[in-house]
Structures are given as structure tokens and as C-alpha cells.
Amino acid sequence: QPAQVPDGSKYEGVNGALGFFAVIFGFIAIVQIYAFFQGLMALAGGDSDINTIVMTVTGITVGASTLIALIMICLRKRIAKMLSIIALVVMLAMSLVQDILSLVETLNGDNGVSSLLSFVGVNVTDAQIIIAGIATMIVHMIIYGLWVLYFAKSRRVKETLVEK
């Protein structure tokens, strides 16, 4: 049975969905900071293709923004709400950039998707590839939009992130 806080609201504290998002932000920060260093190593080794550059930029921007938001959530600071929304917008922007790059590479036959489709004998038209790419971008916008909506409207967020 969960412990009851005598004079506190049941929506107070970094639990529930807010706790879940804090954990997710932590995982994202770790993975993206790792990707940043992988990108730096690749750039130092002479690999300067666009994907490596995007991976490096994405790693530091998403990694730093989610890490800062996570720290502020754990400290229950009011600014955590705004920082979380900024981190989500940064994640969406970087996700859309990666989606567009993947779409262009697939259309040019420069990635593994094109090779796999050819290998298994599936004929896919450019129109189908474009529709799939647009659908992926729309799904990303919906997912990140729902996350932003949670941080903007959640009662738990309003009652937990109160410290100045």
C-alpha cells in the first residue's frame, strides 16, 4: 500500500506519469550523450558525412536539453515545465531532420532499406516511400505533441514543480 502524505495532495511528487517521463528523459539523455561522443569520434576519424554531423548535433542538443530538464524535474523546480517542453520541441526538430534525411537516402537508394527491399524482391515506388516518410513525421509530431500537452496541462506537473 502506498504511503500517504498527511497534508499533501495525491498529485504531489515525481511519481506516476511525471516519474515515468523523468526516467525516459534520463535514458534519452544517456543515449544521446553517448551518440554525441560516437559522432565526435567518427568526425575525428575523418567521417564527415551528413548523418554523422546530424548524429553529433542531435546528441548534444537532445542530450543536454533532456538532462537539464531531468535535473530540474528532480529538484521540483518550476522552470522544469518549460525546460521539458523545450527539450521535447528539440527532440521533435531533430527527429524530423533525421526523418527527412532518411527519406532522401531511401529515395536515392543510399541506405539499407533500399537494399533490403531490392534483395527481397519488393518493388516500392517513390510515391510509396514519400507517403511512408510523411506518415512517420506525422506520427512523431503526434507523439511529441502529446508529451508537450502532458507537461502543459497535467495537474501533477502543476502541483509538483513548484520550487523557485
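Our structure is the block above this text.
Since this is a predicted model, take the numbers as computed values, not measurements.

Definitions and limits used
The residue numbering used here restarts from 1 in each chain and proceeds along that chain's sequence as written. Restriction of local features to residues with pLDDT of at least 70 applies here, the model being predicted, together with a cutoff of 80 or more for giving and counting side-chain atom pairs; totals for whole chains, interfaces and linings are based on all residues. In computing side-chain values, all of the structure's heavy atoms are included and hydrogens and water are not. Helix and strand definitions follow DSSP, with helices as H or I runs of at least four residues and strands as E runs of at least two, each counted in order from the N terminus. In this scheme, a residue with accessible area under 20% of its type's maximum is buried, one over 50% is exposed, and one in between is partly exposed, where area comes from a 1.4 Å probe on protein chains only. Contacts are assigned to residue pairs that have any heavy atoms within 4.5 Å of one another. Shrake-Rupley sampling with a 1.4 Å probe provides the accessible areas, and residues are treated as covered by the protein chains on show and by no other component. By definition, a salt bridge exists where a carboxyl oxygen of Asp or Glu is found within 4 Å of a side-chain nitrogen of Lys or Arg. What makes a nonpolar core is a set of buried Ala, Val, Leu, Ile, Met, Phe, Trp, Tyr and Cys residues whose side-chain atoms join them at distances within 4.5 Å. Note on definitions: angles span 0 to 180 degrees between N-to-C directions of axes, and those axes are lines fitted to C-alpha atoms, for helices only across the stretch in contact. Here the angle decides the label: under 35 degrees means roughly parallel, over 145 means roughly antiparallel, 65 to 115 means roughly perpendicular, and every other value means oblique. Nonpolar residues are Ala, Val, Leu, Ile, Met, Phe, Trp, Tyr, Cys and Pro. Charged residues are Asp, Glu, Lys and Arg, and all others, Gly as well, are polar. We define a polar contact as two N or O atoms separated by no more than 3.5 Å, with the added condition that, inside protein, one atom must be a possible hydrogen donor and the other a possible acceptor, whereas residues neighbouring each other in sequence contribute only through side-chain atom pairs. Only the six-membered ring of Trp is used, alongside the rings of Phe and Tyr, when aromatic pairs are assigned; centres must lie within 6.5 Å, and planes under 30 degrees apart are stacked while those over 60 apart are edge-to-face, with the rest tilted.

A. Summary view of the overall build of the chain. What the chain contains, in helices and strands, is 6 helices and 0 strands. Its helices and strands in sequence order give the chain the pattern α-α-α-α-α-α, from N to C terminus. Taking all 164 residues of the chain together, 32% fall into the buried category. Restricting the contact set of the chain to residue pairs at least 6 apart, pairs at least 24 apart contribute 75%. Accessible surface, the chain as shown: approximately 10000 Å² in total, 69% of it carbon and sulfur.

B. The pattern of salt bridges, seen in detail. For the structure on display, the rule yields 1 salt bridge. Across the pair E159 and R155 runs a salt bridge whose closest N-O atoms are separated by 2.8 Å. Remark: R155 and E159 occur in helix α6 (residues 155-160); sequence separation between them is 4 residues, near one turn of the helix. Classification of R155 as partly exposed rests on a relative accessible area of 48%.

C. The nonpolar core, seen in detail. Judged by nonpolar contacts, the single largest core of 26 residues is most densely connected at F25, I73, L88, M91, W147 and F151. Among the elements of the structure, α1 (16-44), α2 (50-74), α3 (79-108) and α5 (126-153) are those that each provide at least two residues to this core. At 9 residues, α3 tops the list of elements feeding residues into this core. Apart from residues no more than four positions distant in its own chain, W147 is found in contact with F21, I24, F25, I28, L88 and M91.

D. View of the environment of I100. Note that I100 resides in helix α3. Since its relative accessible area comes to 45%, I100 is described here as partly exposed. Separated by 34 residues in sequence, I100 and I134 place their C-alpha atoms 8.8 Å apart.

E. How the structure looks around the packing of α3 against α5. Packing of α3 against α5 leaves a shortest axis separation of 10 Å and a crossing angle of 175°. Compared by their axis directions, α3 and α5 come out roughly antiparallel. By residue class, the composition of the contact of α3 with α5 is 17 nonpolar, 6 polar and 3 charged.

F. Structural detail: the side chain of S65. Relative to the elements of secondary structure, S65 occurs in helix α2. A polar contact of 2.9 Å, which involves the side chain of S65, links it to the backbone oxygen of T61. Excluding residues within four positions of it along the chain, S65 makes contact with A87 and V90.

G. Representation of the packing of aromatic side chains within the structure. Using the criterion set out here, one finds 9 aromatic pairs in the structure. Summarising the aromatic geometry, the rings of F21 and Y150 are spaced 5.0 Å apart at their centres and angled 50° between planes, so their arrangement reads as tilted. With F21 in helix α1 and Y150 in helix α5, this pair connects stretches of sequence that are 129 residues apart. Accessibility expressed as a relative area gives 9% for F21, which makes it buried. Judged by relative accessible area, which is 17%, Y150 ranks as buried. Seen in terms of ring centroids, F21 and F151 are 5.7 Å apart; in terms of plane orientation they differ by 45°. Their pairing is tilted. Placement of F21 in helix α1 and of F151 in helix α5 is noted, with a sequence separation of 130 residues between them. Accessibility classification places F21 together with F151 in one group, the buried group.

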